[in-house]
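Report on the structure
Residue strings, one per chain:
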Amino acid sequence: MRAETSTIRPAARRRRPQRLALRRGVFAAAALAVLAGLVGLAFAGSSATLAAGTQVAGIDVGGLTPREATAQLESRAKAVARSPVTFVAAGERFNVYPAQLGVEADWRRAVAVAAEEGDGFGPLRGYRRLHVRLFGEEVSPALAVSNAALEYKLDQI
């Protein structure tokens, strides 16, 4: 009888370490999944604001709501519209104001594109925002220009 017991026991002893290793592996994988989810949630922030590190036309709009960002960009554009751009041709200087060329930027669309870069559901949004925070996100607005006004100014120059 003792011989029978000893032949069964070594097989049982071999299974225990395998089961223990499997349990540890499953526990470690579950712990990593929970940790990854928590890190994503920690950086998720509010879906109502733009991710930190977001810039539109070189202006930092991170942490602002889309409405605030659009208002800030439009007010800066109005200030810049009052400043001429000076061109020099054949030693003569020509001052051109953006309004003379009908230059208009689509600030709402640019802010919407910037918001999409840091958006998503829960932990996914957190990882997207972490990427934007670490590497930045630069969005340029689409510009509309009056071709007729541009050609007229070019003819004058």
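Residues numbered from 1 in each chain as written. Predicted model: local features only at pLDDT ≥ 70, side-chain atom pairs only at ≥ 80, totals over all residues. Heavy atoms only, no water.

**Details of the pattern of salt bridges**
Short version of the rule: The rule for a salt bridge is simple: a side-chain nitrogen of Lys or Arg has to be within 4 Å of a carboxyl oxygen of Asp or Glu. Here's how the labels work: a residue is buried when its accessible area is under 20% of the maximum for its type, exposed when over 50%, partly exposed in between, all with a 1.4 Å probe on protein chains only.
One pass over the structure, following the stated rule, counts one salt bridge. A salt bridge links R109 to E116; its shortest N-O distance comes to 3.9 Å. By relative accessible area, E116 is classed as partly exposed at 44%.

**Details of the nonpolar core**
Selection criterion: The term nonpolar core refers to a set of buried residues drawn from Ala, Val, Leu, Ile, Met, Phe, Trp, Tyr and Cys, joined through side-chain atoms within 4.5 Å. Going along the chain from the N terminus, every DSSP run of H or I of four or more residues is numbered as a helix, and every run of E of two or more is numbered as a strand. Note on contacts: a residue pair is in contact if any heavy atoms of the two residues lie within 4.5 Å.
Of all hydrophobic cores here, the largest spans twelve residues; its members are L50, V56, I59, V61, L64, A69, L73, W107, A110, V111, A114 and V139. Of all the elements in the fold, those that place two or more residues in this core are α2 (66-81) and α3 (107-117). Per-element tally for this core: the top contributor is α3, with four residues. If we ignore the near neighbours within four places in the chain, the residues touching A114 are L50, T54, V56 and V139.

**So, α3**
Using the following cut-off: Each C-beta atom gives one direction from the helix axis, and the arc is the one those directions make.
All of the buried residues along α3 are W107, A110, V111 and A114. Projection of α3 onto a plane perpendicular to its axis shows the buried side chains occupying an angular sector of 95°, all on one side. Residues of α3 that are buried in the fold lie against β1 (54-56), α2, β5 (104-105) and β6 (137-139).

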